[in-house]
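# Inside the fold
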Amino acid sequence: MGEKLLPLGSVVRLKDKTNLMIIGRGSLVNQNDEAVYFEYTSITMPFGYQAPDQLYFFNHSDIEEVVYMGYKNDAELQFEEEFPKLIEKSGYKKGTVE
């Protein structure tokens, strides 16, 4: 991952024009009968969380624009630094938005 990880609470517009708020990072998802990770877990804007089957998973490369940057403190900055190492250590492949 070449880009800096976005903090929780960030709002992004994807290339398909969907607006999402980031609520998680590094989630494991079953895709094509294989466990893969996505850099971001999100909910739609402006509706927010509705049901577990309405979470959206995507990667930094799917983002067209960062609309709002979430809160960063020392713990967030440390997590951003460690995230690539944690992902590499996990051995999971990155999922793709279909």
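Placed above this text is the structure.
The notes below deal with the structure included here. (Residues numbered from 1 in each chain as written. Predicted model: local features only at pLDDT ≥ 70, side-chain atom pairs only at ≥ 80, totals over all residues. Heavy atoms only, no water.)

Looking now at the overall build of the protein chain. From N to C terminus, the protein chain includes one helix and six strands. Each helix (α) and strand (β) of the protein chain, taken in turn from the N terminus, gives the series β-β-β-β-β-α-β. Its C-alpha radius of gyration of 13 Å places the protein chain within 12% of the 13 Å reference for a compact globule of 98 residues. Across its three principal axes, the protein chain shows a C-alpha extent of roughly 35 × 35 × 25 Å. By residue count, 35% of the 98 residues in the protein chain fall in the buried class. The long-range fraction of contacts in the protein chain, counting pairs at least 24 apart against all pairs at least 6 apart in sequence, stands at 55%. Carbon and sulfur atoms form 52% of the exposed surface of the protein chain, whose accessible area is close to 6300 Å². In the protein chain, the 10 positive side-chain charges and the 16 negative ones have mean positions that sit 4 Å from each other. (Helix = DSSP H or I, 4+ residues; strand = E, 2+ residues; numbered from the N terminus. Rg over C-alpha atoms; globule rule 2.2 N^0.38 Å. Buried < 20%, exposed > 50% of the residue type's maximum accessible area, 1.4 Å probe, protein only. Contact = heavy atoms within 4.5 Å. Areas by Shrake-Rupley, 256 points an atom, 1.4 Å probe, with all protein chains shown as cover. Lys, Arg positive; Asp, Glu negative; His and termini not counted. Charge placed at Lys NZ, Arg CZ, Asp CG, Glu CD.)

Attention shifts here to the environment of valine 97. With respect to the helices, strands and loops of the structure, valine 97 is situated in the segment after strand E6 (93-94). Sequence-distant contacts of valine 97, that is, excluding residues within four places in its chain, are made with Phe38, Phe57, Phe58 and Asp62.

This part covers the pairing of strand E2 (residues 19-31). Two strands pair when backbone bridges link them, and strand E1 (residues 11-14) and E2 are joined in this way by three bridges, in the antiparallel orientation. Looking at the pairing, valine 11 lines up with methionine 21 of E2. Here E1 folds back onto E2 in antiparallel fashion, the turn holding four residues, of which lysine 17 has a positive phi close to 75°. Count of turn residues in the E2/strand E3 (residues 34-44) antiparallel hairpin: two residues, of which asparagine 32 carries a positive phi of about 55°. (Pairing = 2+ DSSP bridges.)

Here we come to the packing of aromatic side chains. All chains considered together, the criterion is met by three aromatic pairs. Seen in terms of ring centroids, phenylalanine 38 and phenylalanine 57 are 6.0 Å apart; in terms of plane orientation they differ by 40°. Their pairing is tilted. Of this pair, phenylalanine 38 sits in strand E3 while phenylalanine 57 sits in strand E4 (residues 56-58), and the two are 19 residues apart along the sequence. For phenylalanine 38, a relative accessible area of 3% corresponds to the buried category. (Phe/Tyr/Trp six-rings, centres within 6.5 Å; stacked < 30°, edge-to-face > 60°.)

The next subject is the pattern of salt bridges. Under the counting rule described, the total for this entry stands at seven salt bridges. With its nearest N and O atoms 2.9 Å apart, the salt bridge here joins arginine 25 to glutamate 76. Taken together, the residues arginine 25 in strand E2 and glutamate 76 in helix H1 (residues 74-90) connect sequence positions 51 residues apart. Residue classification places glutamate 76 among the buried positions, given a relative accessible area of 8%. (Salt bridge = Lys/Arg side-chain N within 4 Å of Asp/Glu carboxyl O.)

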